[in-house]
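Architecture at a glance
Chain by chain, the residues:
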Amino acid sequence: MPDPTFVFAQSLSGLTAAMFLFLIASGLSLIFGVLRVLNFAHGSFYMLGAYAAYQFVQWFGTGPGRFWWAALGAALAVALLGGLVERLLFRHLYAKEELYQLLFTYALVLILSDVAKGIWGTQQLSVSRPPGLAGSLTVFGATLPYYNLFILLLGPTIALAFWFVLHRTRAGRLIRAAALDRETLGVLGVNVKRLYTGVFMAGSFLGGLGGALVTPVKTIVPGMDTEMIVEAFIVVVIGGLGSFWGTFLGALIYGQVLSFGILFIPRFSIFSVFALMAAVLIIRPWGLLGRPLK
Amino acid sequence: MLEVRDLRKSFDGFQAVGGVSLTVPERSISAIIGPNGAGKTTLFNLITGHLRPDSGAVVFKGRDVTGIAPHDLCRLGMGRSFQRTNIFPRLTVFQNIQAAFLSHRGRGWNLLTPVERLYAEETETLLEAVGLLDKAGEVSGFLSHGNQKQLELGIALALEPEILLLDEPTAGMSAAETRESIKLIERLGRERNLTLLFTEHDMEVVFSIAHRITVLHQGKVIADGRPEAVRCDPEVRRVYLGEWH
Amino acid sequence: MITRPPWALLLLIAALFVPALGSRFYTFLANDVVIWALFATSLNLLVGYTGLVSFGHAAYFGIGAYTAGILMKQVGVPFLLAFPAAGLMAAGFAAVFGFFCVRLTRIYFAMLTLAFAQIVWAICFKWNEVTGGEQGMPEIPYPDFAWAERVAAALPFLGSYRTSEYFYFLTLVLVGLCLWILRRIVGSPFGRMLTTIRENPERAEFIGVNVRRYELAAFVLAGAFAGLAGGLFGIFNRGVFPDFAYWTKSAEVLIMTLLGGMGTFFGPALGALVLLWLNQQILSHTQYWPAILGAILIVLLFVFPGGIAGATLALARRLGWRSARA
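Residues numbered from 1 in each chain as written. Chains lettered and ligands numbered in written order. Predicted model: local features only at pLDDT ≥ 70, side-chain atom pairs only at ≥ 80, totals over all residues.

Here we look at the overall build of chain A
A tally of helices and strands in chain A yields 11 helices and two strands. In terms of overall size, chain A behaves like a compact globule, its C-alpha atoms giving a radius of gyration of 19 Å where 294 residues would be expected to give roughly 19 Å. C-alpha extents for chain A along the principal axes are approximately 60 × 50 × 35 Å. (Helix = DSSP H or I, 4+ residues; strand = E, 2+ residues; numbered from the N terminus. Rg over C-alpha atoms; globule rule 2.2 N^0.38 Å.)

Structure representation (structure tokens):
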């Protein structure tokens, strides 16, 4: 019987991973919910957010507060990139078959990964924790770095902010409406094209922000893009494509299954998350909290 | 031939079909009419197995076929055409009809015979019957709307149905095309001893050929009988508010 | 009546002479192309002919490779048995996975094929005892070519060849046979039923086509031939590795299929040729092949959705060489 402190520590690390995943996957889910496309390049935006944060930290230095500016700057840069891609290229594919849209996002993955390789090379990079949040505390015998605590608190905060925007603001109403019926929305005089660009930028922002914020915790390596997109897919599928609370739930489940999987059946922990994804698709394809597509 | 018993279907609380019953005798031509949203297409979808009813039954040739899969239903002898033209756009006109023959005659699981000339004779005969023989080699997606509707009729007929359900067969046609189309349908129906059940908007069409008319309004039957009787029914007139006289 | 020249047969015969060019590199490349041509054509049965977009086709490629590899290397089974076993094993998995996949549509279908492929990858990656785990299984033995060497000795004009060249000839014959079978299938009533599903599944149902059953059959056939391709590739590659089943491999073969043209039978094979050749050429000048591939893909998607074959046919039609064919 494993030591309860250890179990708790594992659970905490699972939770932290889940909050990162939620942040990143929520962007993917948002884009899918409104644009109905699975953006393979979301993992690439995450990776670029991380690299950009690293770069900004190199330029601005590590003084107090700098990290946060770097992270925000990185997320905005990624959002801008997303907006350009959508506006100039992606929007011309909406009329075509889904396969073309999916392959386009995959083409982006290929290009962006080489762009990153070209600019930053292939060695591992890292960013140190912001000085304000260095150090850690002990909870129930487990060590919890302050930065991780910050992330643990950030997750639900973002979730609530999201909920607020979606349900209490006009923009949010438009987004929910677009997710349900974009044609009618267009007929009602809403500039659907601009809405789509905005949603794509918002989703990319979240992915980039996730990447930026993860840098103090994880080293930046090539391949983090393909690794992340698979994880994000799993989360979004389990929780429900296009459902935002579903993404939250999916991330929690994923985090716990993975960390306890590693604990009890280390060899099959990777297998178990894919098996979970397959099981959800077989039993309830629209996910735990999703709704069947029309 | 076909009997519908108290069919009901709701979508998220909205009752599309609320207890519809009707009987379609053999070799008759029956029509279902009603304003937009009355539930005509939903009713068709319930009969042909595209939707499962919440309650009620569909009886075809004495057999309860409620909710059975469309591909099985069509083997029992029920054919259908669709409101939005439903053909195989990138196949040629010939291939469209031929596919129907291949499936109907049970050759669909043949993995080795080259398919080009199978059932060529039957296909060409049918193409001639619906008036599309000269267009046999054209890609069906590029045909005019009227021609596509003819093709759709051809596909349905290739399956040698006993009853043909036509969902708004003249939708989107000009007056002349409509007349031609209805003449064709009526002739083919007579030649092949078909029972016809169709939904329509065009009152002229309905009254010119239907033996029996059922009027739907908001998912319920409000009148059912011979054309003269329906035409004079006060409830029907109220619903249509003088759309026709 | 002028019959069209049998291009495929002529190409096959031409391909037999590649080793005679004397370059190991060309033989290697040709061998690679031939195997991937089978892999891509098998995927096209699903994507191009039935309209089912699978993101996990590499799973069956991997299963075939591991099956043949394990049988030949660890159990000592001769190639003659291991090769069909690869196809059968892949078909078996395709039947099970496909059963669940075809009950879903579009994006869910794609996601589930991806999930199953990743499951296969995860098992291959971690099951060290059977699959060699992360390291894979290097040194898969070549089939026994003693008989071929005896034939070559008896007929000196044929020349003598290295083992890798014998393997190339074997691959050519086997893939040629597989492609011939696939061609028959696609040109049969079954193949026609698949195209009706691609064009309009709702209408197909209403001409009596049990769509799910046909889709499953297509899935199993596609998986079987992908497995055969995998079996060959494991030997050619001198080793079987977990990344054979990873989703990026599925994306590669999908791109190949698109590049060549999903609307024709030989399009994917052409795509394999062009892509692998380009890959070699560009890698010798720069390491940024993925970016170039991405750019090519984007051009394809926007300008030439029919792929190379599609564009060529359209051009030929424009020049009046062929009548319109669906």
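Considerations on the overall build of chain B
When helices and strands are counted, chain B shows nine helices and 10 strands. Based on the C-alpha atoms only, the size of chain B along its principal axes is roughly 60 × 40 × 35 Å. Taking all 245 residues of chain B together, the buried fraction comes to 43%. Taking all contacts inside chain B whose residues are at least 6 apart in sequence as the whole, residues at least 24 apart take part in 65%. (Buried ≥ 20, exposed ≤ 12 C-beta atoms within 10 Å, placed from the backbone. Contact = placed C-beta atoms within 7 Å.)

Let's talk about the interface of chain C and chain B
If you look at the interface, chain C gives 23 residues, while chain B gives 31 residues. Looking at the side of chain C that touches chain B, the elements that each hand over two or more residues are α8 (163–186), α9 (189–199) and α10 (201–205) of chain C. Here the side of chain C that touches chain B is built from residues that sort into nine nonpolar, eight polar and six charged. (Nonpolar A, V, L, I, M, F, W, Y, C, P; charged D, E, K, R; others polar.)

Description of α8 of chain C
Look at α8 of chain C: 34 Å from first C-alpha to last across 24 residues, which is about the 34 Å you get at 1.5 Å a residue. Those residues of α8 of chain C that are buried are in contact with α2 (24–49), α7 (146–154), α9 and α11 (211–236) of chain C. (Expected span 1.5 Å × (residues − 1).)

Overview of the sheet that holds strand β3 (residues 29–33) of chain B
All names here are of chain B. The mixed open sheet is built from six strands, whose spatial order is β6-β7-β8-β3-β9-β10. Because the sheet does not close on itself, it has two edges, and the strands there are β6 (78–81) and β10 (220–225). Pairs of neighbouring strands in the sheet enclose a mean axial angle of 15 degrees, with direction left out of account. The pairing of β3 with strand β9 (residues 212–217) spans four bridges and is parallel. Paired with Ala31 across the bridge in β9 is Ile213. Sheet strands touched by helix α1 (residues 40–47): β3, β7 (163–167), β8 (195–200) and β9. Its angle to β7, the strand with the most contacts, is close to 150 degrees. Docked against the sheet, helix α5 (residues 145–158) engages β6 and β7, running at close to 170 degrees with respect to β6. (Pairing = 2+ DSSP bridges. Axes fitted to C-alpha atoms, helices over the stretch in contact; angles between N-to-C directions.)

Focus on the nonpolar core
Counting residues in each nonpolar core, the largest one holds 281 residues, and the members touching the most others are Leu21, Ala53 and Met277 of chain A. Those residues in contact with Leu21 of chain A that sit more than four places away from it in its chain are Glu231, Ala232, Val235, Ala251, Tyr254 and Gly255 of chain A. (Core = buried A, V, L, I, M, F, W, Y, C linked by C-beta atoms within 7 Å.)

Quick look at the sheet that holds strand β4 (residues 55–60) of chain B
One open sheet holds the four strands; their spatial order is β2-β1-β4-β5 (chain B), and the pairing between them is antiparallel. Two strands bound the open sheet, and with one partner strand each, they are β2 (14–24) and β5 (63–64) of chain B.

Structural notes on the interface of chain C and chain A
Interface size is commonly expressed as the accessible surface area that is lost when the partners come together. Each side of the interface is counted separately: chain C has 30 residues, and chain A has 32 residues. Looking at the side of chain C that touches chain A, the elements with two or more residues in it are α5 (106–126), α12 (247–260) and α14 (289–303) of chain C. Here the element with the most residues in the side of chain C that touches chain A is α5 of chain C; it accounts for 12 residues. Looking at the side of chain C that touches chain A residue by residue, the class counts come to 25 nonpolar, three polar and two charged.

Structural notes on the packing of helix α4 (residues 79–101) of chain C against α5 of chain C
The relative placement of two packed helices is expressed as an angle between their axes plus a distance between the axes. Residues and elements named next belong to chain C. Axis separation between α4 and α5 bottoms out at 9 Å; the angle between their running directions is 150 degrees. It follows from the interaxial angle that α4 and α5 lie roughly antiparallel. Every pair of crossing elements has a handedness; the one defined by α4 and α5 is right-handed. The residues of α5 that touch α4, namely those facing Phe97, Phe100 and Cys101, are Phe109, Leu112, Thr113 and Phe116. When its residues are assigned to classes, the contact of α4 with α5 shows six nonpolar, one polar and no charged. (Parallel < 35°, antiparallel > 145°, perpendicular 65-115°, else oblique. Left-handed = near helix turned anticlockwise from the far one by under 90°.)

Here's the deal with the environment of Phe142 of chain B
Its place among the elements puts Phe142 of chain B in the loop between α4 (120–129) and α5. Sequence spacing of Phe142 of chain B and Gly154 of chain B is 12 residues, and the spatial spacing of their C-alpha atoms is 17 Å.

Some points on unusual backbone geometry
All names here are of chain C. Of note in the backbone geometry, Arg106 takes a positive phi value of approximately 45 degrees without being a glycine. For Arg106, the position within the fold is in helix α5. In this structure, Glu139 is a non-glycine residue whose phi angle is positive, near 60 degrees. Relative to the assigned elements, Glu139 resides in the loop between β1 (137–138) and α7.

Topic: α14 of chain C
Spanning 15 residues, α14 of chain C covers 21 Å between terminal C-alpha atoms, matching the ideal 21 Å at 1.5 Å per step. Those residues of α14 of chain C that fall on the buried side of the exposure criterion are Ala291, Leu293, Gly294, Leu297, Leu300 and Leu301 of chain C. On its buried face, α14 of chain C is in contact with α4 (98–120) of chain A together with α12 and α15 (307–318) of chain C.

So, the pairing of strand β2 (residues 142–145) of chain A
Residues and elements named next belong to chain A. Examined bridge by bridge, strand β1 (residues 136–139) and β2 share four bridges and lie antiparallel to one another. Bridging across to β2, Thr138 finds its partner in Thr143. Here β1 folds back onto β2, and the loop between the two strands holds two residues, one of which, Phe140, carries a positive phi near 50 degrees.

Digging into the confidence of the model for chain B
Residue and element names in this part refer to chain B. Counting all residues, the mean pLDDT for chain B is 84, and 98% of those residues have values of 70 or more. For chain B, helix α9 (residues 234–240) is the element with the lowest average pLDDT, namely 75, and helix α3 (residues 93–104) is the one with the highest, namely 92. Listed scores for the predicted complex are pTM 0.90 and ipTM 0.87. (pLDDT = per-residue confidence, 0-100.)

Considering the packing of helix α3 (residues 58–74) of chain C against α11 of chain C
Residue and element names in this part refer to chain C. Following both chains from N to C, one finds α3 and α11 inclined at 50 degrees, their axes separated by 6 Å at the closest point. Taken together, the axes of α3 and α11 lie oblique to each other. Once α3 is placed against α11, the crossing between them reads as right-handed. Two secondary-structure elements touch here, α3 through Tyr60, Phe61, Gly62, Ile63, Gly64, Ala65, Thr67, Ala68 and Gly69 and α11 through Gly223, Ala226, Gly227, Leu228, Ala229, Gly230, Gly231, Phe233 and Gly234. Partitioned by chemical class, the residues of the contact of α3 with α11 number nine nonpolar, nine polar and no charged.

Observations regarding the pairing of β10 of chain B
Residue and element names in this part refer to chain B. Strand direction decides the pairing type here: β9 and β10, joined by five bridges, are antiparallel. Of the residues in β10, the one forming a bridge with Val215 is Ala223. Two successive antiparallel strands, β9 and β10, enclose a turn made up of two residues, where Gln218 displays a positive phi of approximately 50 degrees.

A word on the confidence of the model for chain A
Scored by pLDDT, chain A has a mean of 87; 99% of the residues are at 70 or more. No element of chain A has a lower mean pLDDT than helix α7 (residues 182–187) of chain A, which averages 74, and none a higher one than helix α2 (residues 42–60) of chain A, which averages 93.

Brief notes about the environment of Phe109 of chain C
All names here are of chain C. Here Phe109 shows up in helix α5. Classification of Phe109 by C-beta neighbours within 10 Å gives buried; the count is 23. Residues Phe109 and Ala226 lie 117 residues apart in sequence; the distance between their C-alpha atoms is 19 Å. Apart from the residues lying within four places of it in its own chain, the contact partners of Phe109 are Leu52, Cys101 and Leu104.

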